[in-house]
Amino acid sequence: MSGPLIVLVGPMGVGKSTVGELLADRLGTAYRDTDADVVATAGKAISEIFFDDGEERFRALERQAVRDAVDQHTGVLALGGGAVLDEETRALLAGRPVVYLSMDVDEAVRRVGLNTARPLLAVNPRRQWRELMDARRPLYEEVAAVTVATDERAPEEVAQAIVEALELPERTGGSVPSDQEKSRMTEQGTTRIQIAGTAGTDPYEVLVGRQLLGELPNLIGDRAKRVAVLHPEALAETGEAVREDLASQGYEAIAIQLPNAEEAKTVEVAAYCWKALGQTGFTRTDVIVGIGGGATTDVAGFVAASWLRGVRWIAVPTTVLGMVDAAVGGKTGINTAEGKNLVGAFHPPAGVLCDLAALDSLPVNDYVSGMAEIIKAGFIADPVILDLVESDPQGARTPAGPHTAELIERSIRVKAEVVSSDLKESGLREILNYGHTLAHAIEKNERYKWRHGAAVSVGMVFAAELGRLAGRLDDATADRHRAVLESVGLPLTYRGDQWPKLLENMKVDKKSRGDLLRFIVLDGIGKPTVLEGPDPAILLSAYGEVSA
């Protein structure tokens, strides 16, 4: 029977794309993804197909894409997570070398470090995963010739297990990626980190490297006629240079200048952008590019999400904070007088370009501020980050440090793993808010004049003390928060007399339910969980530990 050498099926987030590309490389063959085929056939993103034509049309395109790929492709083929729901597709796969990549519910929870055993955890990701897999597992098993568990395995180990299970010959002289490799590398040394598509959104890549602006036209594509480059006042020259470059390549490119930092995140600024898009004749096939820090990409994404109910956008973050946090995951938004990011939308970008060269001229305080989000990723999921910072705190304070690229890449991978499983913060994604409940209250109290990372640093120390007082966290790990954050120059305290105001601000935090406060705390490094409705006395005591 002719057709693909391997067909990969399994739920979204299990790693089909990563494993598929590794297999294709090891076997000396080509990789193909039916989701990409659907996009190419329709000439628009999957989310646009759903919006314009409906799910039935998408399923028809998907069914045809699978039929064509099975008939034409002889390499490694990956199907979308829901492809097996179609009866015709399941019949087409009968008798073929189909590999079901499985992931146990415990592994799904373990990968993001969330301890679901705690009775105070209101959102139950374990149950969510079980319900999804109970419905789909029989279909995956029906079409599969081989089932390969991905539990506690790196992508390279999964690829090796598939090769052994199907007894496939590897390419002679082919290189095998190391067990530590978590993402694909281009010949130029650019790291490509995959973000899985969820809830009708398309997968995309985060590129980390240098001289990446040449990738912009590929991400924008041929269907776009107009491109709007949004940039802060501080990057006026950069914004204009990008606009000129895109114009020279045939796009009708405009530059829209925004205020610097958090001053850009207002409805007035968003309205200004909408007006510019309307006057330019922006359509649903045109593209927005956001160049700047986290505030700029937040606004660019929100404007893209709201214009014509959603147009494609590309993030080009130029700060550490923007690279490891704001530009990844699709959370966009603006601030109001009542709080930070209370108005927004989940609208993932078409791609993210993290050009490390942009960090070379970043002021030291801005660079250090971004380190708070990197250190957060270390505490909630990847302790190697903490080890790297502790090995050279001064190096961690500068883009010239020996571990800069690795720290940024590891932080992005942590967020990628979480958002690929939970786009809309229904459960797992809440762990990314570690330290943010108090941080957002501080930012509002300071009228957003404090750097975000500085507030997050204080917020993490508070969360660590809260966890310790609640009997969750050991003394050594709580103390380690202070040591690591202080070693790179981040603040540990805030004004003690502001507690009443901060408490009121926290009540409108997005994680709160009614008047019930909810905090992300740690049971240990890499073990975040939810503490719901803590005793007010414990809250006050924890704040006493960060009061100046």
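Just above sits the structure.
Summarised in this report is the structure supplied together with it. Predicted, not measured: the structure shown is a model, and the values here were computed from it.

## Details of unusual backbone geometry
Of note, the phi angle at Glu-167 is positive, near 55°, even though the residue is not glycine. Position of Glu-167 among the secondary structure elements: in the loop between helix H8 (155-166) and strand S6 (184-185). Phi at Arg-309 takes a positive value of approximately 60°, unusual for a residue other than glycine.

## Section: the pattern of salt bridges
Evaluated as defined, the whole model comprises 36 salt bridges. Among the ionic pairs, Arg-226 bridges to Glu-252, the shortest N-O distance being 3.6 Å. With a gap of 26 residues between them, Arg-226 in strand S9 (residues 226-232) and Glu-252 in strand S10 (residues 252-258) connect regions that are remote in the sequence. Given a relative accessible area of 37%, Glu-252 falls into the partly exposed group. A single network of salt bridges, built from pairs that share partners, joins Glu-465, Arg-468, Asp-475, Asp-479 and Arg-482.

## Let's talk about the pairing of strand S4 (residues 98-102)
Burial of S4 is extensive: 5 of the 5 residues sit out of reach of the surface. Covered by surrounding structure in S4 are Val-98, Tyr-100 and Ser-102 together with Val-99 and Leu-101, the residues of both alternating faces. Relative to strand S5 (residues 146-149), S4 runs parallel, the two being bridged by 4 bridges. For Leu-101, the partnering residue across the bridge sits in S5 and is Val-148.

## Describing the packing of helix H11 (residues 267-280) against helix H12 (residues 294-306)
Helix-helix packing is characterised by the crossing angle of the two axes and by the distance between the axes. Contact geometry of H11 with H12 gives a least axis separation of 10 Å together with a crossing angle of 55°. Comparing the axis directions of H11 and H12 gives the class oblique. Pair H11 / H12 crosses with right-handed handedness. Residues Val-269, Ala-270, Cys-273, Trp-274 and Leu-277 of H11 form the contact with H12, whose participating residues are Val-299, Phe-302, Val-303 and Ser-306. Looking at the contact of H11 with H12, its residues break down into 8 nonpolar, 1 polar and no charged.

## Structural notes on the sheet that holds strand S1 (residues 6-9)
Strand order across the open sheet formed by 5 strands is S2-S3-S1-S4-S5, with parallel pairing between neighbours. Looking at the sheet topology across the chains shown, the edges are occupied by strand S2 (31-33) and S5. Sheet twist, expressed as the average angle between the axes of neighbouring strands with direction ignored, equals 25°. Across 3 bridges, S1 lies against S4 in parallel orientation. The partner of Leu-8 across the bridge, within S4, is Val-99. Those strands touched by helix H1 (residues 16-27) are S1, S2, strand S3 (76-78) and S4, and its axis lies near 165° from that of S1.

## Points about the nonpolar core
Ranked by size, the top nonpolar core spans 96 residues in total, and within it Val-206, Ile-288, Ile-375, Ile-408, Ile-412, Tyr-434 and Phe-462 carry the most contacts. For Phe-462, the residues in contact, after removing those within four places along its chain, are Leu-438, Trp-499, Phe-519, Leu-539, Ala-542, Tyr-543 and Val-546. Counting residues in each nonpolar core, the second largest holds 21 residues, with Ala-24, Val-76, Val-148 and Ile-162 among its members.

About the thresholds
Just so you know, the residues in each chain are numbered from 1, in the order the chain's sequence is written. Local features in a predicted model are, by the rule used here, given only for residues with pLDDT of at least 70; side-chain atom pairs are given and counted only at 80 or more, and totals for whole chains, interfaces and linings are based on all residues. Only heavy atoms go into the side-chain values, all of them from the structure, while hydrogens and water stay out. Secondary structure is summarised from DSSP: a helix means a run of H or I of at least four residues, a strand means a run of E of at least two, and numbering begins at the N terminus for each. Think of a salt bridge as a Lys or Arg side-chain nitrogen and an Asp or Glu carboxyl oxygen that are within 4 Å of each other. Throughout, exposure labels follow a simple rule: accessible area from a 1.4 Å probe, protein chains only, divided by the maximum for the residue type, with under 20% read as buried, over 50% as exposed, and the rest as partly exposed. In this analysis, strands are considered paired if DSSP registers two or more bridges between them. Axis definition: a line fitted to C-alpha atoms, limited for helices to the stretch in contact. Angles are taken between N-to-C directions and run from 0 to 180 degrees. By the definition adopted for this analysis, an angle is roughly parallel if under 35 degrees, roughly antiparallel if over 145, roughly perpendicular if from 65 to 115, and oblique otherwise. The sense of a crossing depends on the near helix, which, turned anticlockwise from the far helix by less than a right angle, makes the crossing left-handed and, turned clockwise, makes it right-handed. The contact definition used throughout considers only heavy atoms, calling two residues in contact when any of these lie within 4.5 Å. Only Asp, Glu, Lys and Arg are considered charged in this grouping, and only Ala, Val, Leu, Ile, Met, Phe, Trp, Tyr, Cys and Pro are considered nonpolar; every other residue, Gly among them, is considered polar. Among buried residues, those of type Ala, Val, Leu, Ile, Met, Phe, Trp, Tyr and Cys that are joined through side-chain atoms within 4.5 Å constitute a nonpolar core.

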